[in-house]
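Observations on the model geometry
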Amino acid sequence: MTTLVESARALHELHVSGDPLILPNVWDLASARVVLAAGARAIATTSAGVAWSLGSRDGNELTRDRAVDVVRRVVSSVTVPVTADIERGYGETPHDVATTIASCLDAGVAGVNIEDSLRPVEDQEQRIIAARTAAENAGIPLFINARIDTHLLADVGSTRWTEETVERAEAYARAGASGFFVLGALRADTIATLARATPLPLNVAFGPGTLSISELALAGASRISAGSSIAEAAYSVAQQWASAMFETPDAVVSSPPILGWAALNSLVHG
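Once a new chain begins, its residue numbering starts again from 1 and follows that chain's sequence as written. Side-chain atom pairs in this predicted model are given and counted only at pLDDT of 80 or more, local residue features only at pLDDT of at least 70, and totals for whole chains, interfaces and linings cover all residues. As a rule here, side-chain values come from all non-hydrogen atoms in the structure, and water together with hydrogens is ignored.

The name given to the chain in an unreviewed UniProt entry is Methylisocitrate lyase, and the organism recorded there is Microbacterium oxydans.

Okay, here's the thing in structure tokens:
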């Protein structure tokens, strides 16, 4: 069996500029198995999808124990490295973040995604230091993906926006981050600028309004994530079917689902 150390090292090696790690984010065991069967080299959870599936809103409302329980089941169901979206670290202090990291490592996680919510840089540095220290104390080269939330600012792609993003990326690198994640439908030149600005691998988003996978890779991305988009699409299908069944008496199903009962049964059992 692959050890967690080996799994974490493998996750690091999958981050290659121009040949990025593709992560269609999952939120439960079944979605993880579906993504794995599609060819995933690693699995990433979406905090939003996990929260919604458990009846919580996204935004650090889910408790650490409930979130890690889902991640543990995902890890146990796949044969590739798993990176967990742990929102802000499920706690307000660096100690809380360290506790979350210890729980994630116990669950078999090879990487985590921690968002900064535009906290003061020094504050987030301390949280990343706490995460790195907890991983080092456990002897695991955890991949810490530092999400930089400058998508919340105006003028994405502007000089000031780029400076703020790069400043945070450099600070988080010094604190022990392994990579950084910037949300939004970024232009190719913006991605290229960010990719050149620091030695850390750059993670960008894929979804409605973004460039294609090939364009994101060509611009210099080392990791491409779907975030909550796939979970949103899945729940949208449920809403569309429910609305049609309730509101459209002559509604018909034109074609069966791509993944039917037998296929899903097989994937979940496998």
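1. Details of the environment of threonine 133
Within the secondary structure layout, threonine 133 lies in helix 6 (residues 121–138). We call a residue buried when its accessible area falls under 20% of the maximum for its residue type, exposed when it is over 50%, and partly exposed in between, using a 1.4 Å probe and counting protein chains only. Judged by its relative accessible area of 34%, threonine 133 falls in the partly exposed class. Here a polar contact is recorded for every N or O atom pair within 3.5 Å, except that within protein the pair must consist of a potential hydrogen donor and a potential acceptor, and residues adjacent in sequence are included only if both atoms are side-chain atoms. One polar contact links the side chain of threonine 133 to the main-chain carbonyl oxygen of isoleucine 129, over a distance of 2.8 Å. Labels follow the DSSP assignment, with helices taken as runs of H or I lasting at least four residues and strands as runs of E lasting at least two, numbered in each case from the N terminus.

2. Remarks on the nonpolar core
Most often, soluble globular proteins have nonpolar side chains that are buried together. Counting 47 residues, the largest nonpolar core has Ile43, Ile86, Ile101, Val109, Val112 and Leu142 as the members making the most contacts within it. As used here, the term nonpolar core means buried Ala, Val, Leu, Ile, Met, Phe, Trp, Tyr and Cys residues forming a set that is joined through side-chain atoms within 4.5 Å. The next biggest cluster of nonpolar side chains, apart from the first, holds 23 residues, and it includes Ala175, Leu186, Leu200 and Leu202.

3. Quick word on the pattern of salt bridges
Within this document, salt bridges are pairs made up of a side-chain nitrogen of Lys or Arg and a carboxyl oxygen of Asp or Glu, the two lying within 4 Å of each other. If you walk through the whole model with that rule in mind, you get 12 salt bridges. Of the charged contacts in the structure, one is a salt bridge between glutamate 92 and arginine 119, with a shortest N-O distance of 3.4 Å. Taken together, the residues glutamate 92 in the loop between strand 3 (82–85) and helix 5 (94–106) and arginine 119 in the loop between strand 4 (111–115) and helix 6 connect sequence positions 27 residues apart. A relative accessible area of 13% places arginine 119 in the buried class.

4. Comments concerning the packing of aromatic side chains
Given two aromatic rings, their pairing is described by the distance between the two centres and the angle made by the two planes. The rule is short: rings of Phe, Tyr and Trp, with Trp giving its six-membered ring, pair when the centres are within 6.5 Å, and they are stacked under 30 degrees, edge-to-face over 60, tilted in between. What the rule picks out here adds up to two aromatic pairs. Judged by centre distance (6.5 Å) and plane angle (40°), the rings of tryptophan 27 and tyrosine 235 are tilted. Placement of tryptophan 27 in the loop between strand 1 (21–23) and helix 2 (29–37) and of tyrosine 235 in helix 10 (residues 229–247) is noted, with a sequence separation of 208 residues between them. Given the relative accessible area of 36%, tyrosine 235 is considered partly exposed. With 6.5 Å between their ring centres and 75° between their planes, tryptophan 52 and tyrosine 235 make a pair best called edge-to-face.

5. Remarks on a nonpolar patch on the surface
Patch construction takes residues with relative accessible area above 30% that form no salt bridge. Like charges are linked within 9 Å, and nonpolar side chains (Val, Leu, Ile, Met, Phe, Trp, Tyr) are linked within 5 Å. Using a 1.4 Å probe, the Shrake-Rupley method yields the accessible areas, and only the shown protein chains count as cover for residues. A contiguous nonpolar surface patch, about 440 Å² in accessible area, is contributed by Val237, Trp241, Met245 and Val253. By secondary structure assignment, the location of valine 253 is in the loop between helix 10 and helix 11 (261–269). Residue valine 253 is classed as exposed on the basis of its relative accessible area of 53%.

6. Quick word on the sheet that holds strand 4
Taken in spatial order, the eight strands line up as 1-8-7-6-5-4-3-2 in an open sheet, and their pairing is parallel. One side of each edge strand has no neighbouring strand; the edge strands of this open sheet are strand 1 and strand 2 (43–44). A strand pair is defined by DSSP finding two or more bridges across the two strands.

7. Some remarks on empty space enclosed by the protein
Any residue with an atom within 4 Å of a point lines the site, the site being either a cavity, points on a 1 Å grid over the protein atoms alone where a 1.4 Å probe fits but cannot get out, or a pocket, an open set with protein on both sides within 12 Å along at least 5 of 7 lines. Grid points are joined across faces, edges and corners, and a volume is the space filled by probe spheres set on the points. On inspection of all chains with the given rule, the structure shows one cavity of 30 Å³ or more. A volume near 60 Å³ is recorded for the largest cavity. For the lining of the largest cavity, the secondary-structure elements that each account for two or more residues are helix 3 (47–53), helix 4 (64–77) and strand 3. Among the elements that make up the lining of the largest cavity, the one with the highest residue count is helix 4 (three residues). Tallied by class, the residues present in the lining of the largest cavity amount to seven nonpolar, two polar and one charged. By the convention adopted, Pro, Cys, Tyr, Trp, Phe, Met, Ile, Leu, Val and Ala count as nonpolar, Lys, Arg, Asp and Glu as charged, and the other residues, Gly among them, as polar.

8. A closer look at the side chain of serine 7
With respect to the helices, strands and loops of the structure, serine 7 is situated in helix 1 (residues 4–13). Contacts of serine 7, omitting those with residues within four sequence positions, involve Thr2, Pro81 and Ala110. Here a residue-residue contact requires only that any non-hydrogen atoms of the pair lie within 4.5 Å.

9. Quick notes on the pairing of strand 3
Each regular strand displays side chains that alternate between the two surfaces of the sheet. The alternating pattern of strand 3 places Val82 and Ala84 and Thr83 and Asp85 on opposite faces, both of which are buried. Where strand 2 meets strand 3, two bridges bridge the pair, whose relative direction is parallel. Bridge pairing in strand 3 links alanine 44 to threonine 83. Taken together, the three bridges between strand 3 and strand 4 define a ladder with parallel strand orientation. Residue pairing for strand 4: alanine 84 is matched across the bridge by valine 112.

10. What to know about the layout of surface pockets
If you add up the space inside the largest pocket, you get close to 670 Å³. Trp27, Ala234, Val237, Leu259 and Leu264 are, among the 19 residues lining the largest pocket, the residues nearest its centre. For the lining of the largest pocket, the secondary structure elements donating two or more residues are helix 2 and helix 10. In terms of residue count, helix 10 provides more of the lining of the largest pocket than any other element does, seven residues in total. Looking at the lining of the largest pocket, its residues break down into 16 nonpolar, two polar and one charged. Arg147, Phe181, Leu183, Gly227 and Ser228 are the residues nearest the centre of the second largest pocket, which is lined by 27 residues in total.

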